[in-house]
Amino acid sequence: MPLIGFHASHEQIDPASLLKAVCLAEQAGFQAAMCSDHFAPWSARQGQSGFAWAWLGAALQATSFGFGVVNAPGQRYHPAIIAQAGATLAQMFPGRFWLALGSGEAANEHITADPWPIKPVRNARLGECVDVMRRLFAGETVTHDGLVAVDRAKLWTLPERPPELIGAAVSAETARWVGSWADGLITINQPHDTLRRVIEAFRTGGGKGKPIYIQIHLAYAHDDETALAIAFEQWRTNVFSPPLCWDLELAEHFDEASKFVRKEDMHGSVLISSEPGRFVEWLGELADLGFDGLYLHHVGLEQRPFIETFGERVLPELR
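Just so you know, the residues in each chain are numbered from 1, in the order the chain's sequence is written. With the structure being a predicted model, the display of local features is reserved for residues of pLDDT at least 70 and the display and counting of side-chain atom pairs for 80 or more, all residues being used for whole-chain, interface and lining totals. To obtain the side-chain values, all non-hydrogen atoms of the structure were included, while hydrogens and water were left out.

1. Here we look at the overall build of the chain
Helix and strand content of the chain: 13 helices and 11 strands. Here the radius of gyration uses the C-alpha set of atoms, whereas the globule reference equals 2.2 Å times the residue count to the power 0.38. Over its C-alpha atoms the chain spans a radius of gyration of 19 Å, differing by no more than 12% from the 20 Å that the globule rule assigns to 319 residues. Reported as C-alpha extents along the three principal axes, the dimensions of the chain are approximately 60 × 40 × 40 Å. Only heavy atoms matter for contacts: two residues are in contact if any of them lie within 4.5 Å across the pair. In the chain, once contacts between residues fewer than 6 apart in sequence are set aside, the share between residues at least 24 apart is 73%. All accessible-area figures derive from a Shrake-Rupley calculation using a 1.4 Å probe, and residue coverage is judged against the displayed protein chains alone. Total accessible area on the chain is roughly 13,800 Å²; 52% of this is exposed by carbon and sulfur atoms. Charge convention: Lys and Arg are scored as positive, Asp and Glu as negative, and His as well as the terminal groups of each chain are ignored. Think of each charge as sitting on NZ of Lys, CZ of Arg, CG of Asp or CD of Glu. On the chain, the mean spot of the 26 positive side-chain charges and the mean spot of the 38 negative ones are 4 Å from each other. Strands are runs of DSSP state E lasting at least 2 residues, helices are runs of H or I lasting at least 4, and numbering of each runs from the N terminus.

2. Examining a negative patch on the surface
A grouping of Asp223, Asp224, Glu225 and Glu275 is seen on the molecular surface, where their side chains present a negatively charged patch. Its place among the elements puts Asp224 in helix H8 (residues 224-235). Patch membership requires over 30% relative accessible area and the absence of a salt bridge. Like charges are linked within 9 Å, and nonpolar side chains (Val, Leu, Ile, Met, Phe, Trp, Tyr) within 5 Å. Just to be clear on terms, a salt bridge is a Lys or Arg side-chain nitrogen sitting within 4 Å of an Asp or Glu carboxyl oxygen.

3. What to know about the nonpolar core
If you look at the biggest cluster of nonpolar residues, it comprises 74 residues, and the most contacted ones within it are Phe30, Leu296 and Phe310. Excluding residues that lie within four positions of it along the chain, Phe30 makes contacts with Ile4, Gly5, Phe6, Ala25, Phe65, Leu296, Phe306, Ile307, Phe310, Leu315 and Arg319. The criterion is simple. A nonpolar core is a set of buried Ala, Val, Leu, Ile, Met, Phe, Trp, Tyr and Cys residues joined through side-chain atoms within 4.5 Å. For every residue, the accessible area (1.4 Å probe, protein chains only) is compared with the maximum for its type, and the residue is labelled buried under 20%, exposed over 50%, or partly exposed between those bounds. In terms of nonpolar packing, the next biggest core, distinct from the first, is built from 17 residues, Trp42, Ala231, Phe232 and Trp235 among them.

4. With respect to unusual backbone geometry
A cis amide bond links Pro242 with the next residue in sequence, Pro243, at an omega value of 5 degrees. Looking at the element boundaries, Pro243 is found in the loop between H8 and helix H9 (244-247). Phi is positive for Ala113, which is not a glycine, with a value near 70 degrees. Looking at the element boundaries, Ala113 is found in the loop between helix H4 (106-109) and helix H5 (119-137). Residue classification places Ala113 among the exposed residues on the basis of a relative accessible area of 69%. The phi dihedral of Arg152 is positive, around 50 degrees, even though this residue is not glycine. Following the sequence through the fold, Arg152 ends up in strand E6 (residues 149-153).

5. Focus on the pairing of strand E8 (residues 184-188)
The buried fraction of E8 amounts to four of the five residues, a majority that puts the element mostly inside the structure. Note: strand E7 (residues 164-168) against E8, three bridges, orientation parallel. Across the sheet, Ile166 pairs through a bridge with Gly184, a residue of E8. In this region the chain leaves E7, passes through helix H6 (residues 172-178) and returns to the parallel neighbour E8; the handedness of that crossover is right-handed. In this scheme, strands are said to pair when DSSP sees at least two bridges between them. Judged from the four bridges that link them, E8 and strand E9 (residues 212-220) form a sheet pairing that is parallel. Counterpart to Ile188 in the pairing with E9 is Gln215. Note on handedness: a clockwise path from strand one over the helix to strand two, with the strands aimed away from the viewer, defines a right-handed crossover.

Okay, structure coming up:
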């Protein structure tokens, strides 16, 4: 079985409570954790967005987990700053930290007041950032003039081993490109045929033999009606496909767009059930696709019932 990880949702839970939740997840038998680096949530109902980098140091110290973070260098962050942050965590916690890099979402990046580039330009900018970061991790003094600019940057504190740079991709097209530069792939749960195409594209694009991870959104409660209500209340702003989800700028925009989402629509992007055995079945099917790590995100605000139930009735069955 693949590694089973816990997704820490900064967009929904305050940092202090989230730190308690990730410690509880370790006690319950989860094996790793990850989070996203956002400036804003997707909905006013979610209502949080703590600074992931400050939280990661505390979470790595408080647990023995390996941690990953999804980040978008290039606009809100200069790649040299992300390289410095990643190198520092990798030096303090050897072998326990990885970076997943993506081209970003306007909801986080618009705060710089710079224009929001089209997707091909964002990908090209990300490619430059990856090159800059790898050169910095190698100890080079880097000067670069392109979609990002760097002037004689050097990392003075380097880990023995730099953090892995994982590529974030949803489509097969992006996954194929990611395979050419990334140390691994992370994607999100989609129909199995789509996931097979994403995996195959990554492998044929240069990712053969590299790890593949998946983030899985789910809603658990003691009855199906409550589980569905949790998914609808908290995650109905997250059902939109690209480019809409890439280009909306404010939580209020996502809330407006979600006015026409129905409860039954939630089943397309969230695994919803009150039966632990059903999750064992679903997660086992995903494991069979070839993923090396499954990162579980309960989309509700209250994490303890999910963590404890999965620790007792789901994780042992998967193993």
